[in-house]
Amino acid sequence: MKKKRYIYGLMGGALLALSSACTDLNEPVFDAIPEFGNTLKEVNALRGSTYNTLKTYWSANFMYLQECGGSMAVTPTRVGGDWYDGGQYREFYMHSWTSQTATIKSAWDAAASAIGTCNYNIQLLEESTVLNDTEKASYIATIQGVRDFWIYVMLDNWGNIPLVTSYADRKLPSITPRQDVFNFLIKDVTSLIPALPDGNQNNYGQFTKGSAQFLLAKLYLNAEAWGMKVEGNAYLKCIEACDAIMGMGYTFEPNWATNFGITDRSREGILTITFAESDTKNANELMKRTLHYQDNYSDGAGYSAWNGICAQPDYVKLFDKNDLRYQGTFRIGKRYNKETGELLMTQQNDPLDYTVDFHMIAGTLRDNTPWGDVVQEAGARCQKWPYSTTLIDAQGNHFHIFRYTDVYLMKAEALIRSYGDNVEATRLINEIRQRAFHNDNNHIYQSVGLEEVRLERKFEMAWEAYSRQDDIRFGVYEQGAWQASECPRQKGKYLELYPISQDAWQTNQKLEQNPGYAPFH
């Protein structure tokens, strides 16, 4: 009798169709997950389906939660109503979301399903007979590492969550307090390290010892902001994790753009989503999400874009225009047909000229709020990952969930927060800035404090799904970066967590809503 594949996980019994599209691990691609994992091909397919869950993290769900909920990006309503979507993107900027906000619900579902997939695959590997004990321990550790990453994502965004770590446990889960989830992650991630593969180019795209140490560094760095109790000094523990990564042979890329290229395989990648232009499910659709309907002509490509997410204006204005990351991060200015050289026009017959500043069109305000429509060409678009001429439905640029430059940034911040040591912190920040300013020493600091670190994170990590987390940690979460909108953000400590999805509660009524939000009913 075949096993039923019911993934209870955090979804509370939802049937999950497991996909096995592989990453760049030289593994065969399967159309369906094998039943037991008792051949090497089947084991590799299970591993491939685990890494495939990461493709639901970015450029969709959690880019919106982190960048639009923070101070980096906004998805304005385009003239005529495009991207209003019931007001959910207004809610992200104004911090007025609810348990019914669609992207919050889909993000919860993505994380919950990913955890269910990992737990299921762990059980199959535990039962497998094809691997020896050492191999089995390593394979299971990598899948547990991906699962722990997803638990961390839920911990960060929702705080108090169901903690489900076994596929065999079929009971509907109750909420686990944030502190207990945090404690579990510290213990579990630490325990995985001996069995995980080394962090090097041979293990590119996998969850490695470097990935585990990076995850520990993030947990310790955010512990105080999350209100977590830690035995000892959390910032010193963050530094220890960063130092461990620095001893693993990762390379600080001399060319910043190498981290985002179409074909480049960055040596900074610590945990990487290996997208491909051939992806048909959970593809990287960044170009569609950010670029104008006509902008494919400027790239000489065949994609059809949706004209959505752009940068919050005041965020862009923080950049020095001599910083190579300015032009490397944002698409600004007039767009021309690559073939004919003609200026592209919007559907309102205006020049397609991406502007940093933009404002609401008079007479378009919606839902008795200050939020209204903006022109089609409003806003600097994402330029960080170059767009190939062969693009149709999916980008092939890899996305580094964990990147080595962030180790420098985390260590610098932790050094200052732990005991005010800014000598080494200054060196680390200046190494990042020298790369960004073509080794021009006129842009290095004599000394850095937390404010310089906060700004450097903005310059370096734009679009990489850290804005909300960083804003909370630096105490600026209530400050948007689009002051001209005159759309105030709601205030309250409770908004540092998103509401738990109404759909999740309807599936599992053991769930309890986060404090500050309307209770489930």
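This write-up is about the structure you can find in this document. (Residues numbered from 1 in each chain as written. Predicted model: local features only at pLDDT ≥ 70, side-chain atom pairs only at ≥ 80, totals over all residues. Heavy atoms only, no water.)

A look at the overall build of the protein
Okay, step 1: Looking only at helices and strands, the protein has 17 helices and 10 strands in total.
Okay, step 2: Referenced to the eigenvectors of the C-alpha coordinate spread, the extents of the protein come out at roughly 65 × 50 × 50 Å.
Okay, step 3: For the protein, the residues scored as buried account for 62% of the 521 residues in total.
Okay, step 4: A separation of at least 24 residues holds for 72% of the contacts in the protein among residues at least 6 apart in sequence. (Helix = DSSP H or I, 4+ residues; strand = E, 2+ residues; numbered from the N terminus. Buried < 20%, exposed > 50% of the residue type's maximum accessible area, 1.4 Å probe, protein only. Contact = heavy atoms within 4.5 Å.)

Brief notes about the environment of W150
Okay, step 1: Tracing the backbone through its elements, the reader meets W150 in helix α5 (residues 133-158).
Okay, step 2: The buried category is assigned to W150, whose relative accessible area is 0%.
Okay, step 3: As a C-alpha pair, W150 and S166 span 16 residues in sequence and 14 Å in three-dimensional space.
Okay, step 4: Apart from the residues lying within four places of it in its own chain, the contact partners of W150 are T53, L54, T56, Y57, F62, A111, A114 and I115.
Okay, step 5: Side chain to side chain, W150 and T53 meet in a polar contact 3.1 Å long. (Polar contact = N/O pair within 3.5 Å; in protein donor to acceptor, adjacent residues only side chain to side chain.)

Overview of the nonpolar core
Okay, step 1: Formed by 140 residues in total, the largest nonpolar core has its most connected members in Y57, F149, W150, W158, F330 and W463.
Okay, step 2: Here this core gets 13 residues from one element, more than from any other, and that element is α5.
Okay, step 3: If you look at the next biggest cluster of nonpolar residues, it comprises 12 residues, including Y93, F358, A378 and W482. (Core = buried A, V, L, I, M, F, W, Y, C linked by side-chain atoms within 4.5 Å.)

Thoughts on helix α14 (residues 423-436)
Okay, step 1: For α14, with 14 residues, the first-to-last C-alpha span of 20 Å sits near the 20 Å given by 1.5 Å per residue.
Okay, step 2: Looking at α14, one finds that the buried residues are A425, T426, L428, I429, N430, I432, R433, R435 and A436.
Okay, step 3: Those residues of α14 that are buried are in contact with α8 (234-246), α12 (324-329), β10 (399-403), α13 (404-419) and α15 (450-461).
Okay, step 4: At the C-terminal side of α14, H438 shows a positive phi close to 55 degrees. (Expected span 1.5 Å × (residues − 1).)

Observations concerning the packing of helix α2 (residues 61-68) against α5
Okay, step 1: Across the interface, α2 lies against α5 with an axial gap of 12 Å and an inter-helix angle of 35 degrees. Here α2 runs over α5; the crossing is left-handed. On α5, the residues that touch F62, L65 and Q66 of α2 are W150, V153, D156, N157 and W158.
Okay, step 2: Counted by class, the contact of α2 with α5 contains five nonpolar, two polar and one charged residues. (Axes fitted to C-alpha atoms, helices over the stretch in contact; angles between N-to-C directions. Left-handed = near helix turned anticlockwise from the far one by under 90°. Nonpolar A, V, L, I, M, F, W, Y, C, P; charged D, E, K, R; others polar.)

Considerations on the packing of aromatic side chains
Okay, step 1: In this structure the tally under the stated criterion is 37 aromatic pairs.
Okay, step 2: When the centroid spacing of 4.7 Å and the interplanar angle of 45 degrees are considered together, the rings of F358 and W482 count as tilted. Remark: W482 occurs in the loop between α16 (467-473) and α17 (502-507) and F358 occurs in the loop between β7 (353-354) and β8 (373-374); sequence separation between them is 124 residues.
Okay, step 3: A relative accessible area of 1% places W482 in the buried class.
Okay, step 4: Grouped by ring-pair contacts, the aromatic residues Y57, F62, W108, F149, W150, Y152, W158, F214, W226 and F402 constitute a single cluster.
Okay, step 5: Above the ring of Y84, the side-chain terminus of R366 is found at 4.9 Å from the ring centroid. (Phe/Tyr/Trp six-rings, centres within 6.5 Å; stacked < 30°, edge-to-face > 60°. Lys NZ or Arg CZ within 6 Å of the ring centre and 35° of its normal.)

Digging into the pattern of salt bridges
Okay, step 1: By the definition in use, this model includes 41 salt bridges.
Okay, step 2: We note a salt bridge from K411 to D243, for which the minimum N-O separation is 2.6 Å. Taken together, the residues K411 in helix α13 and D243 in helix α8 connect sequence positions 168 residues apart.
Okay, step 3: Classification of K411 by relative accessible area gives buried; the value is 9%. (Salt bridge = Lys/Arg side-chain N within 4 Å of Asp/Glu carboxyl O.)

Examining the pairing of β10
Every other side chain in a regular strand lies on the same face of the sheet, so the side chains alternate between the two faces.
Okay, step 1: The element β10 is extensively covered by neighbouring structure, given that five of its five residues are classed as buried.
Okay, step 2: Sheet topology note: the strand β3 (residues 269-273)/β10 ladder contains four bridges and is antiparallel. Across the sheet, residue I273 finds its bridge partner in β10, namely F399. (Pairing = 2+ DSSP bridges.)

Comments concerning unusual backbone geometry
Okay, step 1: Cis peptide bonds are those with omega within 30 degrees of zero, and the linkage from W58 to S59 qualifies with 15 degrees.
Okay, step 2: Inspection of the secondary structure assignment puts S59 in the loop between α1 (40-52) and α2.
Okay, step 3: Backbone geometry at N439 places phi at a positive 60 degrees, although glycine is not the residue there.
Okay, step 4: As for its placement among the helices and strands, N439 is situated in the loop between α14 and α15.
Okay, step 5: Given a relative accessible area of 58%, N439 falls into the exposed group.

Brief notes about α8
Okay, step 1: Taking 1.5 Å as the rise per residue, α8 with 13 residues should run 18 Å; its terminal C-alpha atoms sit 18 Å apart, in good agreement.
Okay, step 2: Listed as buried for α8 are A234, Y235, C238, I239, A241, C242 and I245. The buried residues of α8 occupy an angular sector of 160 degrees when the element is viewed end-on, so they sit on one face.
Okay, step 3: Packing partners of the buried residues in α8 comprise α7 (209-226), β3 and α13.
Okay, step 4: The residue sitting at the N-terminus of α8 and contributing the capping side-chain oxygen is N233; that oxygen lies 2.8 Å from the backbone nitrogen of Y235. (Arc of directions from axis to C-beta.)

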